[in-house]
Each structure stands twice: as structure tokens, then as C-alpha cells.
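Descriptive analysis of the structure
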Amino acid sequence: NKQSKAIEITQDNKNDKFIIFVHAKRIGQDIYDRLRNMGEKVEIHNADLSLSERRRVTDEFHKKEGGIRIIVATSTLAWGCNMPARRVIITGVHRGMNEVEPLDIRQMQGRAGRVGFDPKGDAHILLPQSKLTRYKVWCEEIPPIKSTINNPDVLAFHVVAEIASGEIYNIETLMDWYNRSLA
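So, here is what we can say about the structure in this document.

Side note on the overall build of the protein
- Counting secondary structure elements, the protein contains seven helices and seven strands.
- Helices and strands in the protein line up, N terminus first, as α-β-α-β-α-β-β-β-β-α-β-α-α-α.
- Taken over the C-alpha trace, the protein has a radius of gyration of 17 Å; the compact-globule value for 183 residues is 16 Å, and the two agree within 12%.
- Oriented by its inertia axes, the alpha-carbon framework of the protein measures out at about 50 × 40 × 35 Å.
- Among the 183 residues that make up the protein, the fraction classed as buried is 37%.
- When contacts within the protein are restricted to residue pairs at least 6 apart in sequence, those whose partners lie at least 24 apart make up 71%.
- Between the centroid of the 27 positive side chains of the protein and the centroid of its 24 negative side chains there is a distance of 4 Å.

So this is what it looks like as C-alpha cells:
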């Protein structure tokens, strides 16, 4: 199954940092439990965590030595975070009965091998062999993503949203947030 294959890939590449994207919290919890029982330094990142818990997970992952090696995440980690990993595993292309949007897949893939962090990156998309051709074409046709964060109106919208959520509350936290963005 996809969970076992994801775990196998992490064990075949013991020196690499991973983000494993799941499309269901139950599957994420299963992978997390299995990796934790194997002695891996692993954490979960999803919308159930508070902002401070999500920040702790990402900060621990960024550590070169002794930090988290594997994050099991929902798409909460795919958008708006400069969250690099050497390898990304995407456990399928369906959320329930619905296909995940191609741009979501591209964003997840984009966490692998980030400039300034790794010289290269690999993204593994786990799906049945019978669906390989269909989804290979599907993934190749995903349009490029262009950041609009430096557009003043877009930037203002995001800053106000971050103030409302409590992420930004003074100039220092504004600059910290901005420096973590891809602006």
C-alpha cells in the first residue's frame, strides 16, 4: 500500500529530509505512528495544530543536526511556506473520491530540492501502476506557479490576514513572516 511504500522510500534514503504529503489525516497518523515506532524523528503538520505548534515543527525541521527528519503533512505545508526538503512523497492524487488539484500537486512537489538548501530534489508520487500513464501526463501539464505576493494589494491582503490570525503583531513578526515568504 501507499503508506508502506512511503515508509520504504524514507528508509532507503536515511540521510535525506522528507515531507510526506497525505490527503487524509487518518493515513497521516498511520504513517507517523509507524515511523515513530521505528525510531524516526518525525512530526505531523496539519490544520489541527496551533500556529505555535506548526511553527515549532517547521523550525525543528530546518535544523541541520538533530532536528526532525520527516514531516507527515496535509496540504497545509504546501502553500505559502518556504519549506524545503531533499525529498517529497505524495501519497496519491485523490482526497476521498475527488482528485487533488494539479496545482496542489505542483506546490507539494515544489518543496523538494529548494534553491539555497539542496542542490537537487526528488518528488515521489505514489499511485497504482495502472494509473501511471494518465497521471504522468496530468502532472506534466500543470501550469507554472507565479508568486503575486509582491503585488501591493495582494501583500496587504495577506498581511491583514496574518494580523487577524495573530501571526503578525509587531514589526519584528511582520519581518519574520515576510522573510519566510517567497517574496
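Focus: the pattern of salt bridges
- Under the defined criterion, the tally for this structure stands at 14 salt bridges.
- Ionic pairing is found between Arg95 and Asp104, a salt bridge with its closest N-O pair at 3.7 Å.
- On the basis of relative accessibility, which here comes to 15%, the residue Asp104 falls in the buried class.
- Several salt bridges share partner residues, and in doing so they unite Asp16, Arg86, Arg87 and Asp122 into one network.

Things to note about the environment of Trp177
- Residue placement: Trp177 occurs in helix H7 (residues 171-180).
- Residues Trp177 and Arg86, 91 residues apart in the sequence, show an inter-C-alpha distance of 23 Å.
- Sequence-distant contacts of Trp177, that is, excluding residues within four places in its chain, are made with Ile149, Leu155, His158, Val159, Glu162, Glu167 and Ile168.

What to know about the pairing of strand S1 (residues 18-21)
- Here S1 shows no split at all, with Phe18 and Ile20 on one side and Ile19 and Phe21 on the other all buried.
- Judged from the four bridges that link them, S1 and strand S3 (residues 70-73) form a sheet pairing that is parallel. Bridge assignment links Ile19 to a residue of S3, and that residue is Ile71.

Observations regarding the sheet that holds S1
- Across the sheet, five strands lie side by side as S2-S3-S1-S4-S7; this open sheet has parallel pairing. The sheet is open, and its two edges are formed by strand S2 (42-45) and strand S7 (122-125), each paired on a single side. On average, each strand axis in the sheet is inclined to that of its neighbour by 15 degrees, with strand direction left out of account.
- Here four bridges tie S2 to S3, and the two strands are oriented parallel to one another. Bridging across to S3, Glu43 finds its partner in Ile71.
- Sitting on the sheet, helix H1 (residues 2-12) touches S1, S3, strand S4 (87-90) and S7, and the angle it makes with S1 is about 175 degrees.

Details of the side chain of Asn13
- Considering the arrangement of structural elements, one finds Asn13 in the loop between H1 and S1.
- A relative accessible area of 18% places Asn13 in the buried class.

Observations concerning the packing of H1 against helix H2 (residues 25-37)
- Where H1 contacts H2, the two axes come as close as 10 Å, and the packing angle between them is 40 degrees. Judged by the inter-axis angle, H1 sits oblique to H2. The handedness of the crossing between H1 and H2 comes out as right-handed. Mapping the contact onto sequence places Gln3, Ser4, Ile7, Thr10 and Gln11 in H1 and Ile27, Asp30, Ile31, Arg34 and Leu35 in H2.
- Broken down by class, the residue content of the contact of H1 with H2 amounts to four nonpolar, four polar and two charged.

Quick notes on the rules
- Residues numbered from 1 in each chain as written.
- Predicted model: local features only at pLDDT ≥ 70, side-chain atom pairs only at ≥ 80, totals over all residues.
- Heavy atoms only, no water.
- Helix = DSSP H or I, 4+ residues; strand = E, 2+ residues; numbered from the N terminus.
- Rg over C-alpha atoms; globule rule 2.2 N^0.38 Å.
- Buried < 20%, exposed > 50% of the residue type's maximum accessible area, 1.4 Å probe, protein only.
- Contact = heavy atoms within 4.5 Å.
- Lys, Arg positive; Asp, Glu negative; His and termini not counted.
- Charge placed at Lys NZ, Arg CZ, Asp CG, Glu CD.
- Salt bridge = Lys/Arg side-chain N within 4 Å of Asp/Glu carboxyl O.
- Pairing = 2+ DSSP bridges.
- Axes fitted to C-alpha atoms, helices over the stretch in contact; angles between N-to-C directions.
- Parallel < 35°, antiparallel > 145°, perpendicular 65-115°, else oblique.
- Left-handed = near helix turned anticlockwise from the far one by under 90°.
- Nonpolar A, V, L, I, M, F, W, Y, C, P; charged D, E, K, R; others polar.

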